[in-house]
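Below are the chains, spelled out letter by letter.
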Amino acid sequence: MNTTTAGLVFVVVLVGALALSYGPFGDYMYRVYTSKRHLRMERAVYRLVGVDPEADQRWSTYLRSVLAFSVVGVLFLYALLRLQHRLPLSLGFAGMEPGQAFNTAVSFVTNTNWQSYSGESTLGHLAQMAGLAVQNFVSAAVGMSVAIALVRGLTRKRTDQVGNFWVDLTRTCLRILLPVAVVAAVVLIAGGAIQNLHGSRAITTLAGGTQRVTGGPVASQEAIKEFGTNGGGFYNVNSAHPFENPTSWTNWLQIYLLLLIGFSLPRTFGRMVGNTRQGLAIVAVMAGLLIASFAVNAGFQMAHHGTVPSAVGAAAEGTETRFGIPGSAAFASSTTMTSTGAVDSFHDSYTSLGGATLLVNMMLGEIAPGGTGSGLYGMLILAVITVFVAGLMIGRTPEYLGKKIGSREIKFASLYILTTPAVALIGTAAAMARPGERAGMLNAGAHGLSEVLYAFTSAANNNGSAFAGITVNTNWYNTALGIAMLAGRFLPMVFVLGLAGSLARQQPVPISAGTLPTQRPQFAGMLAGVAVIVVALTYFPALALGPLAEGLH
Amino acid sequence: MSTTAIGAPVSPPDIPAHPAHPAQPGQPGPPRQVRGGLLDPRQLWRSAPDALRKLNPATLYRNPVMFIVEIGAVFTTVLAIRDETAFAWLIVIWLWLTALFANLAEAVAEGRGKAQAEALRRTKTDTLARRLTPAGGEEQVPAPRLRQGDRVVVEAGEFIPGDGDVVEGIASVDESAITGESAPVIREAGGDRSSVTGGTRVLSDRIVVEITQKPGESFIDRMIALVEGANRQKTPNEIALNILLASLTIVFVLAVATLQPLAIFSKAQQPGIPDTSALGGNGVTGIVLVSLLVCLIPTTIGALLSAIGIAGMDRLVQRNVLAMSGRAVEAAGDVNTLLLDKTGTITIGNREAREFLPVGGTDEHELARAAQLSSLADETPEGRSIVIYAKNTYGLRERAPGELTHARFVAFTAQTRMSGVDLGGSAGGQPASEVRKGAASSVMAWVTERGGTIPPDAGELVDGISASGGTPLLVAEATDGAARVLGIVALRDIVKQGMRERFDEMRRMGIRTVMITGDNPLTARSIAEEAGVDDFLAEATPEDKLALIRREQEGGKLVAMTGDGTNDAPALAQADVGVAMNSGTSAAKEAGNMVDLDSNPTKLIEIVEIGKQLLITRGALTTFSIANDVAKYFAIIPAIFAAVYPGLDTLNIMRLHSPQSAILSAVIFNALVIIALIPLALRGVRYRPASASRMLRRNLCLYGLGGLIVPFIGIKLIDLAIQFIPGAR
């Protein structure tokens, strides 16, 4: 079997597996979010936190709960990272510096998992397990809760309530994330990922030299790292490390896990709005964009005309030989199209245009399928914008799923669309305007610019993958990227919940022959077109001076 | 609700094509597009001073997109003064022209309204009103001093001093000043034709009018304000679109502003490369940066947005409809349910004879002759239709009443509900024969009185016709005192031509049509099936109508209706789009949010189309405007940066002559496209009723794909033309 065939089998099986789980897993999540029953363990949690699980919240209360929960998360994680040397299982590492601790705490609470530290040489087991792993669960759950609140806004009528954040959060963690993560961790252990509490050990390599290798609870963190689209690796090299991602099939499994929720939530959405074809339309757009991105990326990697790539048959620099180009390209496309940001190859080493596709993936706003929850709400916001333009073109006040898209709705949707590009572009421009920060670049010229653009795009979109090459553990980058992550995560949530609130208040308009059908290929195509055009128009100048300048000859 | 019958949506059986009828005024033809007037180039010229005036930032700031263009124009002017190059000045000129063209679009749209307002103002003559005093006398008062509740006398030849209701008398009134219709109309006290409008002229008789307007708030005053767009408020969809455009503008401001540090860095990385007119050591030059920004922000739709709104209202005015708010016009495009009065809208006003059915061995011709004779003295439309039908179908010559000797005509009255003629016999003596035609029950009584019997098949036929929605009239004859029934004339409602097609269109657009009628459910159902409406409300009272509207609205639907009577006022007020007939009462006109000066109930369908066209035009031009940006990037980005990164010249797929000509071409295209689209904005995009997906496909292909491709061609052509002029070389 040659590389291309292997790659094709890899991707086809992946698509098949996701298609098979779409229905059952989406339906399962639908039941989780609509069930009236509380588990005993959940009741215990509610009593502990002191909330009434039956009381729904207005959108503003829901938002306050999200923000309060996240602020507490940041503070707790910050304290844990700063004080780890005074706590057990520190492996003798010192507490983190303030700038880096802030950056890391924000990074994990915002589901970004940008890592300006190197895991095996900075963090002890307690910080990894009680700090990062916990946020891996809850930050994913926060995103899903907000997405579900938006879907409720679309389905409910004449109410100002969009659900109960604490119930959504608890259920997501206990009924969706934990069970799957446990099973996935066991499977990863079976595949060779390690799971222990060892510290650093000296080993003798085959060549006879010695090397220090750090052990730890890797498999358990790996499972939720992918499943919750977090991406913060136990090791600095992330999923390229054999302890995190031992074989080609664990590589497959990791991609499957990081796409699973993103691709199944549209089914949950379809069930909740009472029309599964609506969900199918959304998932079709997601799949179309992802497959196109993968094809373009793999194409650029395979067809590069450099001397070395021609000799070895493809641009293999920076890719793990265990996974090959297709496996790496699939992972890279999936990780940048979701908000995961885990890597099993080095994006900085991709061909200029191959790297550009990864950059564009993130610029799309991570909607195909995007992060847990955030992908769905990002796509729904784009659907609102699309419906608005399309609705006008058929001569009616635009409506989506029976809800009118008026000025209030458009205001929230526009602000959402505006936020991430603003954060990414302003961050990049600010860094490029400062001589000190320019010095952080490893490469000169257009490639160096791409590194900075990538860093801020990654932070603003809460992706967390890095183009590498750039030195980001400076106070300025730690702070600026931290702020970018916060703004890129919570401002959109404000607008999403605001939109949910104003949609929930409406009385739905009945569907007629004059209604724009949003479940047909026509609309799906237009939605994909709007997503691409909006990104192209926003980022074209920056892309032109980065990867395009480098890649076009 | 007592006897309301809402039928299930009917799918009527095939009905044979009915005979052709003379065209009725306002009768809908086959599907046609809503058209506006053409743009006269002179109009552009005339509006130029207004367009210049609108450059005033104090007013322009309301249009954020064009305001940014103006700021950019001022900024580049300053730069051009400091750094005098031909290229800079060319850009400056075209940036100013961009702002000017946008104002021109608005000014032209307003100009049309102003012309109409002028015409209306001329009708506002300062008349002296003859006010009745409480004591019973009369005094002369200037018209503007009249108050609500004042009663004035108006006689033939005088102008009506203000809006009001006729409380005494009947008169023919020339309302051409407001409706443009030269035929006079009858206005009388009581009933639904009592309202008169100030500025119209009484042609005959004398009426007493009770003034209902407040001073200075007459119908004509409001009309002038409306067509001038003096206090035009943005409609909900327009506001939403403005928000979207504003945020797109912000995105592009950010994209362009953040480009600068990136450009400085890129330039610094290639020290050997000389400065160009677009890119220097300080980054992209201000002139080029502003050019890029102006090309990217949605200037096309930003420039035309208000013109589209004004022109939409204007199209309504051209159709003699006055909308009290733009909101109502927009709502018309969203209507889900259309309530249409049967009479006048779906059927032509009156029932007509469609069949002669002889009974008891009578000859069909004999019946026709008797029916015609007995109807000669019947001046009601039904009676006349019998005469015409007998002539057309049986070749019976129409005879004037005086032509028959020894004939005594019995005119139709509402009491006897019969008309007829007595023939033969000497003057004063018994007539040889008497012929009568009239309502079944009346004629039956007449026959029985004269000793005749009613044949059983007559009763059956009468019931059958009633059941199928027609009106049966009995024709009977009494010869020498012996009376017998000759037969029956079946009168039927005549559904206007083309209505079924119209309703099919409506259905495709997702609009449900409901026929409102005072008829019984059986009759209503039969007409509903023939006309092809989706539903009907039979034996409708005003309360039923109101309840129906409320019920529809509870389900989230938008309802449109027409009405004229005072008792329609609550329903008109409740409906989302209430079109009052100008012939109706003041109460109805107050309650509705539109007034149809032609008093043509079919107009509602056109109003819906205009509402939709308004939204489609906005959506189409927005799509066009955004799609345009792709080509502009391909023109400007390589023009700026190809010097630094030669690879970027690959993006110059139009192979434009030089960086200067590329940037200038993009700016010129951006300005010219505004002028080119003014006619489209004023006329509205072509609208054909179709399902949502078809319409979307069509408009996406035309304005989305077109918007993508057209600028590539346009910019290339402009580049070919300007590459020789200094500054662009």
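The following refers to the structure shown. (Residues numbered from 1 in each chain as written. Chains lettered and ligands numbered in written order. Predicted model: local features only at pLDDT ≥ 70, side-chain atom pairs only at ≥ 80, totals over all residues. Heavy atoms only, no water.)

Turning our eyes to something else, we now look at the overall build of chain B. Counting secondary structure elements, chain B contains 24 helices and 25 strands. Here chain B has a C-alpha radius of gyration of 34 Å; the compact-globule value for 729 residues is 27 Å, and the former is much larger. Overall size of chain B, expressed as C-alpha extent along the three principal axes, is 125 × 65 × 45 Å. Scored against the burial criterion, the 729 residues of chain B give a buried share of 56%. When contacts within chain B are restricted to residue pairs at least 6 apart in sequence, those whose partners lie at least 24 apart make up 70%. As displayed, chain B has an accessible area near 28800 Å², and 57% of this comes from carbon and sulfur atoms. For chain B, the distance from the average site of its 70 positive side-chain charges to the average site of its 77 negative ones is 7 Å. (Helix = DSSP H or I, 4+ residues; strand = E, 2+ residues; numbered from the N terminus. Rg over C-alpha atoms; globule rule 2.2 N^0.38 Å. Buried < 20%, exposed > 50% of the residue type's maximum accessible area, 1.4 Å probe, protein only. Contact = heavy atoms within 4.5 Å. Areas by Shrake-Rupley, 256 points an atom, 1.4 Å probe, with all protein chains shown as cover. Lys, Arg positive; Asp, Glu negative; His and termini not counted. Charge placed at Lys NZ, Arg CZ, Asp CG, Glu CD.)

Bringing the overall build of chain A into the picture now. On a plain count of helices and strands, chain A comes out with 19 helices and six strands. A compact globule built from 553 residues would reach a C-alpha radius of gyration of about 24 Å, and chain A, at 22 Å, matches this within 12%. C-alpha atoms of chain A, sized along the principal axes, occupy 75 × 60 × 50 Å. Every one of the 553 residues in chain A was classed for burial, and the buried ones make up 64%. Surface accessibility of chain A: about 18300 Å² in total, with carbon and sulfur atoms responsible for 65%. The average position of the 33 basic charges and that of the 22 acidic charges among the side chains of chain A differ by 13 Å.

Next up on the list: the nonpolar core. Side chains of nonpolar character tend, in soluble globular proteins, to be buried together. Tyr400 of chain A together with Leu338 and Phe641 of chain B are the most contacted members of the largest nonpolar core, which has 314 residues in total. Per element, the largest residue contribution to this core is 22 residues, and it comes from helix 22 (residues 603–641) of chain B. Those residues in contact with Tyr400 of chain A, other than ones at most four positions away along the chain, are Leu154, Phe269, Ile282, Leu380, Ala383, Val384, Val387, Ile405 and Thr518 of chain A. (Core = buried A, V, L, I, M, F, W, Y, C linked by side-chain atoms within 4.5 Å.)

Residues and elements named next belong to chain A. Within this structure, the stated rule accounts for 21 aromatic pairs over all chains. Judged by centre distance (5.6 Å) and plane angle (75 degrees), the rings of Tyr62 and Phe165 are edge-to-face. A residue pair is termed long-range when its members are at least 10 positions apart, and Tyr62 in helix 3 (residues 59–82) and Phe165 in helix 7 (residues 165–191) qualify at 103 residues. (Phe/Tyr/Trp six-rings, centres within 6.5 Å; stacked < 30°, edge-to-face > 60°.)

Attention now goes to the sheet that holds strand 7 (residues 185–188) of chain B. Residues and elements named next belong to chain B. Taking strand neighbours across the sheet as the criterion, the three strands line up as 7-6-9 in an open arrangement whose pairing is antiparallel. Each edge of the open sheet is held by one strand with a lone partner, namely strand 7 and strand 9 (201–202). Examined bridge by bridge, strand 6 (residues 170–174) and strand 9 share two bridges and lie antiparallel to one another. By the bridge assignment for strand 9, Asp174 is matched with Arg201. (Pairing = 2+ DSSP bridges.)

The full count for this structure, using the stated rule, is 42 salt bridges over all chains. For the salt bridge of Asp168 of chain A with Arg152 of chain A, the shortest nitrogen-to-oxygen distance reads 2.9 Å. One end of the pair, Asp168 of chain A, is in helix 7; the other, Arg152 of chain A, is in helix 6 (residues 125–155), with 16 residues separating them in the sequence. Across this residue pair, the class does not change: Asp168 of chain A and Arg152 of chain A are buried. A salt bridge links Glu366 of chain B to Arg484 of chain B, with the nearest nitrogen and oxygen atoms 3.0 Å apart. With a gap of 118 residues between them, Glu366 of chain B in helix 13 (residues 364–375) and Arg484 of chain B in strand 20 (residues 482–495) connect regions that are remote in the sequence. Residue classification places Arg484 of chain B among the partly exposed residues on the basis of a relative accessible area of 35%. Sharing partners across several salt bridges, the network here consists of Arg130, Glu138, Glu155, Glu158 and Arg206 of chain B. (Salt bridge = Lys/Arg side-chain N within 4 Å of Asp/Glu carboxyl O.)

Topologically, Thr112 of chain A is positioned in the loop between helix 4 (98–109) and helix 5 (119–122). Separated by 2.5 Å, the side chains of Thr112 of chain A and Thr110 of chain A make a polar contact. (Polar contact = N/O pair within 3.5 Å; in protein donor to acceptor, adjacent residues only side chain to side chain.)

Residues and elements named next belong to chain B. Strand order in the open sheet formed by six strands is 3-2-4-10-5-8, with antiparallel pairing between adjacent strands. A strand with exactly one partner marks an edge of an open sheet, and here the two such strands are strand 3 (138–142) and strand 8 (195–196). As paired elements, strand 2 (residues 128–132) and strand 4 (residues 151–155) share two bridges and run antiparallel to each other. Residue pairing in the sheet places Arg130 in a bridge with Val153 of strand 4.

Here we come to the pairing of strand 2 of chain B. Residues and elements named next belong to chain B. Where strand 2 meets strand 3, five bridges bridge the pair, whose relative direction is antiparallel. Directly across from Leu128, in strand 3, lies its bridge partner Pro142. As consecutive antiparallel partners, strand 2 and strand 3 are separated by five residues, and within that stretch Gly136 has a phi angle of approximately 105 degrees, a positive value.

As a further point, take the pairing of strand 20 of chain B. Residues and elements named next belong to chain B. Of all 14 residues in strand 20, eleven are buried; the element is thus mostly enclosed. Direction of pairing for strand 19 (residues 471–479) relative to strand 20: antiparallel, over a ladder of nine bridges. Bridge pairing links Leu474 to Ile488 in strand 20.

Residue and element names in this part refer to chain B. Close contact between helix 7 (residues 236–257) and helix 10 (residues 299–318) brings their axes to 11 Å; oriented N to C, the two are set at 165 degrees. The pairing of helix 7 with helix 10 is recorded here as roughly antiparallel in orientation. The two elements helix 7 and helix 10 meet at a crossing, and its hand is left-handed. Facing helix 7, whose interface residues are Glu238, Leu241, Asn242 and Leu245, helix 10 presents Ile301, Gly302, Leu305 and Ser306. Split by residue class, the contact of helix 7 with helix 10 holds four nonpolar, three polar and one charged. (Axes fitted to C-alpha atoms, helices over the stretch in contact; angles between N-to-C directions. Parallel < 35°, antiparallel > 145°, perpendicular 65-115°, else oblique. Left-handed = near helix turned anticlockwise from the far one by under 90°. Nonpolar A, V, L, I, M, F, W, Y, C, P; charged D, E, K, R; others polar.)

Here we take up helix 8 (residues 218–227) of chain A. All names here are of chain A. Here helix 8 lies mainly inside the structure; nine of its ten residues are buried. Against helix 1 (3–34), helix 6, helix 7, helix 9 (248–272) and helix 12 (324–337) lie the buried residues of helix 8. One or two positions beyond helix 8, positive phi appears at Thr229, with a value near 45 degrees.

Moving on, we get to the environment of Leu552 of chain A. Structurally, Leu552 of chain A can be placed in the segment after helix 19 (521–551). The buried category is assigned to Leu552 of chain A, whose relative accessible area is 16%. Distance from Leu552 of chain A to Ser352 of chain A, taken between C-alpha atoms, is 8.6 Å for residues 200 residues apart in sequence. Among residues more than four places away in sequence, those in contact with Leu552 of chain A are Gly647, Leu648, Thr650 and Leu651 of chain B.

Moving on: the interface of chain B and chain A. At the junction of the two partners, chain B supplies 58 residues and chain A supplies 57 residues. Together, the buried faces of chain B and chain A total about 4900 Å²; carbon and sulfur atoms form 75% of this surface. Of all residues in chain B, Leu262, Phe265 and Leu696 of chain B give up the largest surface area on contact with chain A, accounting jointly for 13% of the area buried on that side. Summed over the shared surface of chain B and chain A, the number is zero salt bridges. Applying the counting criterion to the chain B and chain A interface returns twelve residue pairs in polar contact (both at pLDDT 80 or more). The residue inventory of the side of chain B that touches chain A, partitioned by class, reads 33 nonpolar, 17 polar and eight charged. (Buried area = accessible area lost by both parts, 1.4 Å probe.)

Time to look at the packing of helix 3 of chain A against helix 6 of chain A. For any two helices packed against each other, the geometry is given by the interaxial angle and the distance between the axes. Residues and elements named next belong to chain A. Where helix 3 contacts helix 6, the axes come no closer than 11 Å and their chain directions differ by 165 degrees. Between helix 3 and helix 6, the crossing angle belongs to the class labelled roughly antiparallel. Here helix 3 and helix 6 pass one another in a crossing that is left-handed. Across the interface between the two elements, Tyr62, Val66, Phe69, Gly73, Phe76, Leu77, Leu80 and Leu81 from helix 3 touch Leu126, Ala127, Ala130, Gly131, Leu132, Gln135, Val138, Val142, Ser145, Val146 and Ala149 from helix 6. When its residues are assigned to classes, the contact of helix 3 with helix 6 shows 15 nonpolar, four polar and no charged.

Moving on to unusual backbone geometry. Residues and elements named next belong to chain A. Note that the residue after Ala368, namely Pro369, is joined by a cis bond; omega there is -5 degrees. By secondary structure assignment, the location of Pro369 is in the loop between helix 13 (352–363) and helix 14 (374–393). The backbone phi angle of Leu401 is positive, close to 50 degrees, even though this residue is not glycine. One non-glycine residue, Asn462, lies in positive phi territory at about 60 degrees.

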